[in-house]
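Here is what each chain is made of, one letter per residue.
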Amino acid sequence: MVGTAATAAAMTATLSLLRFRVLFCALMAAASFLLVSFSSAVWMSILGVIFASISSGLGELSFLSLTVFFSSNVLTGWCSGTGVAGVGGAVLYASLTQFGLSPQITLLIMLVVPFAMLICYFFLLVPPPSLPQWNSRRMEHAAVDSEERRRLMDEEEEEQERSMPEDVTTGPLTFTEKMHVIRGLLKFVLPLGLVYFAEYFINQGLMELLYFPNFFLSHAQQYRWYQMLYQVGVFVSRSSLCCVKIRKLWALSLLQVVNAVLLLFAVRYLFLPSAWLVFGIVLYEGLLGGAAYANTFHFINKETEDRQKEFAMGAASVGDSMGIALAGLVAFFVHRYFCSL
């Protein structure tokens, strides 16, 4: 009973922290839209981008950790949903501005997104049966003094305790156990980080420089199509878990590095003949990146012990974030170098 009480207390604390995280992510997302839309200086736009990154990174960590309490189909849906978000966001912004709305009005309309996230999480999300404390929070304002209600809840808790595996009821992970989990995650996190480093080095440092003046699209239109095709590739591959699974994550990393090196030399020596070829390369780039993301978290969820899954999923999400951050730093100097030539 003591172990069960400790586990219940830990789960309740986790849920309270998760609710705070979701609320904080929504506030950061709303603040990012407002700052960028009303920006009157570069620092305001940069601050808005930082807020958006905080919302995205913390949200990814939190929701990936939450997927372990649902069926495996939820993780597949998460991967596909994050893929379609990139395509949907790009298409929606392009469509609204194409219809004559200003970028400021378009960003203000997008404020519906963080509010929709709050509504979905707090009111529409169906509680997972493997997390009974979630259900109990929704009965806090019920007739707690009802003897019948208390008796039924006690019986349910006893039944859940008997049905739960032993390793789930041993309390939260210790620091030593977390370090052990992190060491085991390196075989997943390092390939994922390398994929995202190469991927975002291309996106932030090279893609804008891949311009073909004799093509029928303008420079800005070529760049938008690069981004669109990249997002399409990400969406397709993140939605492919139901059809194909790739265990050799290092192969995806090396192929993405080859992409980055190829496009780096293409920017320097201008040997690619047409934007059509670049369209195919960036689509392929998105396919590799999306496949690495989806398969990484699929195999972490599959191969990690139940008690360690929540921590493992959240910790592994740092891999792509670190890759993106390092790529942005390197791309800044590389982009400036090419522009100075």
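Because the structure is a prediction, the values reported are computed rather than measured.

Quick notes on helix α12 (residues 306–340)
- For α12, with 35 residues, the first-to-last C-alpha span of 53 Å sits near the 51 Å given by 1.5 Å per residue.
- Ala 312 marks where α12 bends most, by close to 30°.

Observations regarding the packing of aromatic side chains
- Evaluated as defined, the whole model comprises 17 aromatic pairs.
- If you follow Arg 238 out to its NZ or CZ, it ends over the ring of Tyr 293, 3.7 Å from the centre.
- Cation over ring: Arg 268 sits above Tyr 269, and NZ or CZ is 5.3 Å from the ring centre.

Quick look at the nonpolar core
- By size, the foremost hydrophobic cluster in this structure holds 33 residues, and its most contacted members are Leu 185, Leu 252, Tyr 293, Phe 297, Ile 300 and Met 313.
- Looking at this core, the elements that each hand over two or more residues are α1 (2–37), α2 (42–66), α3 (72–98), α5 (112–124), α8 (175–206), α10 (249–269), α11 (275–303) and α12.
- It is α11 that provides the largest number of residues to this core, a total of eight residues.
- Non-local contacts of Met 313, meaning those with residues more than four positions away in its chain, are made with Leu 64, Ser 65, Thr 67, Val 68, Leu 75, Phe 297, Ile 300 and Asn 301.

Regarding a nonpolar patch on the surface
- The grouping of Leu 17, Phe 20, Phe 24, Val 42, Ile 46, Ile 50 and Ile 54 at the surface amounts to a nonpolar patch, some 640 Å² of accessible area in total.
- Elements that contribute at least two residues to the nonpolar patch include exactly α1 and α2.
- The element that contributes the greatest number of residues to the nonpolar patch is α2, accounting for four residues.

Digging into the packing of α8 against α11
- Between α8 and α11, whose axes approach to 10 Å, the crossing angle comes to 160°. In terms of axis orientation, α8 runs roughly antiparallel to α11. The hand of the α8/α11 crossing is left-handed. On α11, the residues touching Leu 185, Lys 187, Phe 188, Leu 192, Val 195, Tyr 196, Glu 199, Ile 202 and Asn 203 of α8 are Glu 285, Leu 288, Gly 289, Ala 292, Tyr 293, Thr 296, Phe 297, Phe 299, Ile 300 and Glu 303.
- Taken together, the residues that form the contact of α8 with α11 break down as 12 nonpolar, three polar and four charged.

So, the pattern of salt bridges
- In total, this model carries three salt bridges according to the counting rule given.
- With a closest N to O distance of 3.0 Å, Arg 247 and Glu 303 form a salt bridge. In this pair, Arg 247 sits in the loop between α9 (219–238) and α10 while Glu 303 sits in helix α11, placing the two residues 56 residues apart along the sequence.
- On the basis of relative accessible area, Glu 303 is assigned to the partly exposed category, the value being 43%.

Observations regarding the confidence of the model for the chain
- Per-residue confidence for the chain averages 86 on the pLDDT scale, and 83% of its residues sit at or above 70.
- Mean pLDDT values over the elements of the chain span from 51, in helix α6 (residues 132–137), up to 97, in α10.
- For the stretch residues 136–146, pLDDT sits under 50, and the model shows 12 contacts to residues farther than four places along the chain or on other chains.
- Overall, residues 163–169 carries pLDDT values under 50, and its contacts beyond four positions in sequence, including any with other chains, amount to eight contacts.

Thresholds applied
- Residues numbered from 1 in each chain as written.
- Predicted model: local features only at pLDDT ≥ 70, side-chain atom pairs only at ≥ 80, totals over all residues.
- Heavy atoms only, no water.
- Helix = DSSP H or I, 4+ residues; strand = E, 2+ residues; numbered from the N terminus.
- Expected span 1.5 Å × (residues − 1).
- Bend = angle between axes of the 7 residues up to and from the residue.
- Phe/Tyr/Trp six-rings, centres within 6.5 Å; stacked < 30°, edge-to-face > 60°.
- Lys NZ or Arg CZ within 6 Å of the ring centre and 35° of its normal.
- Core = buried A, V, L, I, M, F, W, Y, C linked by side-chain atoms within 4.5 Å.
- Buried < 20%, exposed > 50% of the residue type's maximum accessible area, 1.4 Å probe, protein only.
- Contact = heavy atoms within 4.5 Å.
- Patch = residues over 30% accessible without salt bridge, like charges linked within 9 Å, V, L, I, M, F, W, Y side chains within 5 Å.
- Areas by Shrake-Rupley, 256 points an atom, 1.4 Å probe, with all protein chains shown as cover.
- Salt bridge = Lys/Arg side-chain N within 4 Å of Asp/Glu carboxyl O.
- Axes fitted to C-alpha atoms, helices over the stretch in contact; angles between N-to-C directions.
- Parallel < 35°, antiparallel > 145°, perpendicular 65-115°, else oblique.
- Left-handed = near helix turned anticlockwise from the far one by under 90°.
- Nonpolar A, V, L, I, M, F, W, Y, C, P; charged D, E, K, R; others polar.
- pLDDT = per-residue confidence, 0-100.

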